[in-house]
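# Structural features, examined
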Amino acid sequence: YDEVADFLTARGAKRVVEIGTAWGGLAKRLLDKVPGLELHVVDPFLSGYDKKDLQSHIYENIQKQFNLDGEAFSKVYAQAMAYDQGTTNGFGCRYVLHHKL
């Protein structure tokens with residue numbers, strides 16, 4: 001992730017879009033390391049979208065564990081990500097999650 005942050009810093013990036021944020025690791029690193037960056041992330045947080053994809057299986061297991069339907073899982077996960085990045089990590093309005101089913 002540091003290489004991406006260094007690349008964006010060297011180019012003076014001010015606004016970036018990340019497609020598919022999963023756990024938010026890249027988002028957190030970019031917001032930590034790139035001064036003044038506004039990061040827009042796009043993710044529907046769907047489980048079961050690809051039988052060969054590990055993240056798809058992880059989402060599916062979490063959904064089953066908490067007895068959520070697909071829409072409820074997606075909404076709860078999106079709320080948790082927005083809270084975690086925007087509030088817990090202190091990025092506020094620099095982190096913008098675009099989530100729509």
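Here the structure is a predicted model, which means the values were calculated and not measured.

## Structural notes on the pairing of strand 1 (residues 15-19)
Here strand 1 shows a buried face lined by Val 16 and Glu 18 and an unburied face lined by Arg 15, Val 17 and Ile 19. Relative to strand 2 (residues 38-42), strand 1 runs parallel, the two sharing 5 bridges. Paired with Val 16 across the two strands is Leu 39, which belongs to strand 2. Crossover strand 1 to strand 2 through helix 2 (residues 25-33) is right-handed.

## Overview of the packing of helix 1 (residues 2-10) against helix 2
One way to put it is that helix 1 packs onto helix 2 with a least axis distance of 9 Å and a crossing angle of 40°. Taken together, helix 1 and helix 2 sit at an angle that is classed as oblique. Our pair here, helix 1 against helix 2, has a crossing hand that is right-handed. Residues Asp 2, Val 4, Ala 5, Asp 6, Leu 8 and Thr 9 of helix 1 lie in contact with helix 2, whose contacting residues are Leu 26, Arg 29, Leu 30 and Lys 33. Looking at side-chain class alone, the contact of helix 1 with helix 2 contains 5 nonpolar, 1 polar and 4 charged residues.

## Focus: the sheet that holds strand 3 (residues 95-98)
Pairing is parallel across the open sheet formed by 3 strands, whose spatial order is 1-2-3. Lying at the two open borders of the sheet, with one neighbouring strand each, are strand 1 and strand 3. Across the sheet, the axes of successive neighbouring strands diverge by a mean angle of 20°, strand direction being ignored.

## Remarks on the side chain of Gln 85
Tracing the sequence through the fold places Gln 85 in helix 4 (residues 70-88). Residue class for Gln 85 comes out buried when judged on its relative accessible area of 1%. In this structure the side chain of Gln 85 is engaged in a polar contact, spanning 2.9 Å, whose partner is the backbone oxygen of Gly 24. A distance of 2.8 Å separates a polar atom in the side chain of Gln 85 from a polar atom in the side chain of Asn 89.

## As for the side chain of Gln 55
Positionally, Gln 55 belongs in helix 3 (residues 54-65). We classify Gln 55 as buried; its relative accessible area is 15%. Leaving out residues up to four positions away in the same chain, Gln 55 has contacts with Ala 22, Trp 23 and Tyr 49.

## Digging into the packing of aromatic side chains
According to the stated counting rule, one finds 7 aromatic pairs in the structure shown. Taking 6.4 Å as the distance between ring centres and 70° as the angle between the ring planes, the aromatic pair formed by Phe 45 and Tyr 59 counts as edge-to-face. Within this pair, whereas Phe 45 is found in the loop between strand 2 and helix 3, its partner Tyr 59 is found in helix 3, the two being separated by 14 residues in sequence. Here Phe 45 and Tyr 59 have matching classes, each one buried. Both rings, one in Phe 45 and one in Tyr 77, keep their centres 4.8 Å apart while their planes meet at 50°; by these two values the pair is tilted.

Analysis parameters
- Residues numbered from 1 in each chain as written.
- Predicted model: local features only at pLDDT ≥ 70, side-chain atom pairs only at ≥ 80, totals over all residues.
- Heavy atoms only, no water.
- Buried < 20%, exposed > 50% of the residue type's maximum accessible area, 1.4 Å probe, protein only.
- Helix = DSSP H or I, 4+ residues; strand = E, 2+ residues; numbered from the N terminus.
- Pairing = 2+ DSSP bridges.
- Right-handed = clockwise from strand over helix to strand, strands pointing away.
- Axes fitted to C-alpha atoms, helices over the stretch in contact; angles between N-to-C directions.
- Parallel < 35°, antiparallel > 145°, perpendicular 65-115°, else oblique.
- Left-handed = near helix turned anticlockwise from the far one by under 90°.
- Contact = heavy atoms within 4.5 Å.
- Nonpolar A, V, L, I, M, F, W, Y, C, P; charged D, E, K, R; others polar.
- Polar contact = N/O pair within 3.5 Å; in protein donor to acceptor, adjacent residues only side chain to side chain.
- Phe/Tyr/Trp six-rings, centres within 6.5 Å; stacked < 30°, edge-to-face > 60°.

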